[in-house]
Amino acid sequence: MSTAKRLFLLQFGAERVPKALSLAGGPPELYWEPLTGALVETSAGWVLLDTGMSRAAHEDAEATAAYELAGRDAPNLDHEWRLAPRPPDAAGWNWILDGDPVATALAEHGLAPEDLHLAAVSHLHIDHSGGIPTLARAGVPVAIQRRELAFARSGAVGVAEGFFEPDWTEPGTVWRELDGDAELAPGVHAVATPGHTPGHMSFRVDLEDSGSWLFTADATDLAQNFLDHVPCGSWAGGTDEDAAAASSSLDRLVSLAAGGVRLVPGHDQVIANTARHPRGGHR
Ligand SMILES: [Zn+2]
């Protein structure tokens, strides 16, 4: 089995969403959720997994209104942030890193967007697709499931549903379209986990010392999805088939995790804080 060299966990910002969006049948309380990603050094070069939210999306009135609408019935609108990293402005609905968040996150590791060999995006929701335009302008190819890109382009969903069009319409974006599972680079794999969106995927990273890591993105936002065996709380496609796919994807991740894989849910601040950052990265 070929392995990757090093792994760094990234946080691009955080968003406030009702817990019910992360956990099917969950409560309406707002929950601070980190925008996470992973940076992997491989024998082919650096690979970025997920890209956070763009500054344009963060400052977009329609996008902010969509977040506020989703949280309007939350009984804990005035709740406080209790974990590190603390938001620079806790009064804002969400927060992101300074400047261009994806470039800022890479710069923390001494890299520029141009230094990447490849990026991959789990799905085209606003909190994952934000770095694509920056990467496209840097000439970095972007791996995406073919179904996901087709769904976004279909016009069936927009900002109100969490799809921010400027992220995936940047001219010159070099898409690497996938059909299900695929090896992205030595030791880095796409794992098809549809349901949350029609072309949602997770990522597996295999390392020499620490073994396999499973980045589940929004198939399971939280550790609690695994503990309670409850799938994500929303499916963008909106059909019974999507709901069934979300449950099947959870089952798939649980069975993949059975062999001692390190699980990293897409939006769990405690897990994110626990897993990052050993000096020099995980090996
Ligand atoms: Zn998300």
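Everything here concerns the structure above.
Just so it is clear, the model here is predicted, and its values are computed rather than measured.

S.K.: Please explain the coordination of the zinc ion as it appears in this structure.
M.R.: Tetrahedral coordination by four donors places them ideally at 109.5 degrees to one another around the metal; octahedral coordination by six donors ideally gives 90 or 180 degrees. Surrounding the zinc ion are the protein donor atoms D127 (OD), H128 (NE2), D218 (OD) and H267 (NE2), which sit 2.1 to 2.2 Å from the metal. For the zinc ion, the 4 donor atoms in the first shell make angles of 92 to 148° at the metal, so the coordination geometry reads as irregular. Ordering the donors of the zinc ion by residue number gives the pattern D-H-x89-D-x48-H. You can see H128 sitting in the loop between strand 5 (116-120) and helix 5 (132-137) and its partner D218 sitting in the loop between strand 11 (211-217) and helix 7 (223-227), a full 90 residues away along the chain. Among the residues examined, H128 registers a relative accessible area of 2% and is labelled buried. According to the relative accessible area criterion, D218 is buried, its value standing at 4%.

S.K.: Before we go on, may I ask you to explain the packing of aromatic side chains in this structure?
M.R.: Centre distance and the angle of the planes are the two values used to describe a pair of aromatic rings. Taken as a whole, this structure holds 5 aromatic pairs when the rule is applied. Taking 4.8 Å as the distance between ring centres and 75° as the angle between the ring planes, the aromatic pair formed by W32 and W81 counts as edge-to-face. Residue W32 is found in strand 2 (residues 30-42), and its partner W81 is found in the loop between helix 3 (61-70) and strand 4 (95-96); the two are separated by 49 residues along the sequence. When the centroid spacing of 6.3 Å and the interplanar angle of 10° are considered together, the rings of W213 and F215 count as stacked.

S.K.: Can you walk me through the side chain of S54 in this structure?
M.R.: Mapped onto the fold, S54 is located in the loop between strand 3 (45-49) and helix 2 (55-58). For S54, a relative accessible area of 10% corresponds to the buried category. A polar side-chain atom of S54 sits 2.9 Å from the main-chain amide nitrogen of A57. S54 has contacts with I96, G130, F164 and D167, leaving out every residue within four places of it along the chain.

S.K.: Even after reading the chapter, I still don't get helix 3, so can you show me in this structure?
M.R.: Residues spaced three or four apart along an α-helix face the same direction, because each turn holds 3.6 residues. Every buried residue of helix 3 is accounted for by A63, A66 and Y67. When helix 3 is viewed along its axis, its buried side chains cluster within an angular range of 95° and face the same direction. Counted as exposed and oriented over 90 degrees from the buried face of helix 3: A61, E62 and L69. On its buried face, helix 3 sits against strand 1 (6-18) and helix 2.

S.K.: Would you explain the pattern of salt bridges in this entry?
M.R.: Close approach of charged atoms allows side chains with opposite charge to pair. According to the stated counting rule, one finds 8 salt bridges in the structure shown. A salt bridge links D179 to R146, with the shortest nitrogen-to-oxygen separation between them at 3.0 Å. Residue D179 is located in the loop between strand 7 (175-178) and strand 8 (182-185), and its partner R146 is located in helix 6 (residues 146-153); the two are separated by 33 residues in the primary sequence. A single network of salt bridges, built from pairs that share partners, joins R146, E177 and D179.

S.K.: Can you help me understand the pairing of strand 8 in this one?
M.R.: Successive residues of a regular strand alternate their side chains across the two faces of the sheet. In the sheet, strand 8 pairs with strand 9 (residues 188-192) via 3 bridges, with the strands oriented antiparallel. Counterpart to E183 in the pairing with strand 9 is H189. Taken together, strand 8 and the strand that follows it, strand 9, pair antiparallel across an intervening segment of 2 residues, in which G187 is found at a positive phi of about 85°.

Calculation notes
- Residues numbered from 1 in each chain as written.
- Predicted model: local features only at pLDDT ≥ 70, side-chain atom pairs only at ≥ 80, totals over all residues.
- Heavy atoms only, no water.
- Donors = N, O, S within 2.8 Å, 3.2 Å for Na, K, Ca; no water.
- Tetrahedral: all angles 85-135°; square planar, octahedral: opposite > 155°, others 65-115°.
- Helix = DSSP H or I, 4+ residues; strand = E, 2+ residues; numbered from the N terminus.
- Buried < 20%, exposed > 50% of the residue type's maximum accessible area, 1.4 Å probe, protein only.
- Phe/Tyr/Trp six-rings, centres within 6.5 Å; stacked < 30°, edge-to-face > 60°.
- Polar contact = N/O pair within 3.5 Å; in protein donor to acceptor, adjacent residues only side chain to side chain.
- Contact = heavy atoms within 4.5 Å.
- Arc of directions from axis to C-beta.
- Salt bridge = Lys/Arg side-chain N within 4 Å of Asp/Glu carboxyl O.
- Pairing = 2+ DSSP bridges.

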